[in-house]
Structure formats: C-alpha cells, structure tokens
Amino acid sequence: MGLDIHLRVNNSEEIALEYFENSHLYSLSREFCNLICRPDVIEHKPELDQIGEITNTEISLFYKMTEYPSEEEVLDMIEFAKNNTERERLKSDFEKRKQKVNGNIKQLSLLVVNLISKLENVNDLYQRLIITDFDSLNSTYYFSDFKKDKGKGYIGNNFGQDLRNLKRFLKLATERGSETVWFEFG
C-alpha cells in the first residue's frame, strides 16, 4: 500500500461519472504523488523544482494545490477544537488556505500546457536531474520517454503521461464549469 494523489474540483458532482468511468484517462500515478511530496522527503532540490528551472517555468501552483483542506480535515479539526475561539480560528485558517487556490483552473491549465510544450523538447530530462540515493520515483523510468504513454493510466505512468492525464482532466473540468482544482491524498 502507498499514498495516492487524487484530483478534486469545486463542482465534483458535475464530472464524477465521466471521471470514474474513464479514470485511466485522468488518473495520476503514485510516482506523481511522490514527486509532489518530494520537498518533505529529500535534502536536495526536489525534482519538480529542478524541472521548473530546466524549463524556466514557475511550478509553485502544484505545491499550493496540496494545501487546499479536504472537507474531512475541516470537519475533524473543528470537531476537536477546544472552544469556540479555536473553532473560529481554524475556520479562518482553512478559508485562507482555500483562497490561495480558489479560481486556479485556468492558471493551472496554462501551466500544464506550457510545461508539456517545453518538456517535449528536452530529450535528456532524467540525466539533467540530480541523482538521489532515495529514488522513490524510479526516476530512470519515470522521467524518460516523455512523449510516450508508458502506463495504463495509473500503473506505470511516466511524467509525460501524468501531465497529459492532468491536461485532459483540466479540459473536462473546465468544460463542466469547474473553477478550482486541488490535490487530495489518500
């Protein structure tokens, strides 16, 4: 078992059926989850940050998407608050975290399209990244063959396929009127 990353939107009911019936087109791999969590795992500059530098692309929006509080987190924290003052402080903190992400779908779509476009011209991505002793990404595989879909929509995806799946998801979500997208772990 391991940690997975899921895409969530402000109007999930509008895309739920399409998303689950065709999840192989939209799912992000466990390696993508590990990539997003790398700042807390390794001591050198995380691979996603390195890719941002290689492509001259601001990627911080990906990290901001991890800070959006899930409904379960909000309910659990508020339920265990010691008093009304703490409840109100927590509600305010959660609202601030949401505001950092709210309305991000167009900006994220542009980021993903831009990143895909730039990485299609980088043939040696894996060789340009810092080699690490703690390679939970299987980097040789994950960062190779960017233009090729190597997996089955979740298992065995490479970075290129994960970005293309994210791009498809954002297109679907935009067509269904979504305005905000974030990552949820589970």
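Rules behind the numbers
Residues numbered from 1 in each chain as written. Predicted model: local features only at pLDDT ≥ 70, side-chain atom pairs only at ≥ 80, totals over all residues. Heavy atoms only, no water. Axes fitted to C-alpha atoms, helices over the stretch in contact; angles between N-to-C directions. Helix = DSSP H or I, 4+ residues; strand = E, 2+ residues; numbered from the N terminus. Parallel < 35°, antiparallel > 145°, perpendicular 65-115°, else oblique. Left-handed = near helix turned anticlockwise from the far one by under 90°. Contact = heavy atoms within 4.5 Å. Nonpolar A, V, L, I, M, F, W, Y, C, P; charged D, E, K, R; others polar. Buried < 20%, exposed > 50% of the residue type's maximum accessible area, 1.4 Å probe, protein only. Arc of directions from axis to C-beta. Core = buried A, V, L, I, M, F, W, Y, C linked by side-chain atoms within 4.5 Å. Phe/Tyr/Trp six-rings, centres within 6.5 Å; stacked < 30°, edge-to-face > 60°. Lys NZ or Arg CZ within 6 Å of the ring centre and 35° of its normal.

Caption draft 1: Molecular detail of the packing of helix 8 (residues 105-119) against helix 11 (residues 159-175). Contact pair helix 8 / helix 11: the axes reach a minimum separation of 10 Å and the direction vectors enclose 150°. By the criterion of interaxial angle, the relationship of helix 8 to helix 11 is roughly antiparallel. Taken as a pair, helix 8 and helix 11 cross one another with a handedness that is left-handed. Facing I105, L108, S109, V112, V113, L115, I116 and L119 of helix 8, the residues of helix 11 in contact are F159, L163, R164, L166, K167, L170, A173 and T174. Across the contact of helix 8 with helix 11, the residue classes break down as 12 nonpolar, 2 polar and 2 charged.

Caption draft 2: Expanded view of helix 3 (residues 30-37). Of the positions making up helix 3, those classed as buried are F32, C33, L35 and I36. Each buried residue of helix 3 sits inside an arc of 160° when the element is viewed along its axis, so together they form one side. For helix 3, the elements touching its buried residues are strand 1 (5-9), helix 4 (47-55), helix 5 (60-64), helix 10 (139-142), helix 11 and strand 2 (181-185).

Caption draft 3: Focus on the nonpolar core. Ranked by internal contacts, the top residues of the largest apolar core, which has 41 residues, are F62, F159 and F169. If you list the elements that add at least two residues to this core, you get strand 1, helix 3, helix 4, helix 5, helix 8, helix 11 and strand 2. Those residues in contact with F159 that lie beyond four places of it in its chain are F32, L35, L48, I51, L119, L125, Y142, F143 and F146. Counting residues in hydrophobic clusters, the runner-up holds 5 residues, among them V74, I78, A81 and L90.

Caption draft 4: Inspection of the packing of aromatic side chains at higher detail. Inspection of the entire model under this criterion finds 11 aromatic pairs. Between Y19 and Y26, the aromatic rings sit 6.0 Å apart at their centres with planes inclined by 20°, giving stacked as the arrangement. The class for Y19 is buried, based on a relative accessible area of 9%. Relative to F169, the ring of Y19 lies with its centre 5.5 Å away and its plane at 80°, an arrangement referred to as edge-to-face. Of this pair, Y19 sits in helix 1 (residues 16-21) while F169 sits in helix 11, placing them 150 residues apart in sequence. Each residue in the set Y19, F20, Y26 and F169 is aromatic and connected to the rest through ring pairs, giving one cluster. Directly above the ring of Y141 sits K150, whose terminal nitrogen or CZ lies 3.8 Å from the centroid.

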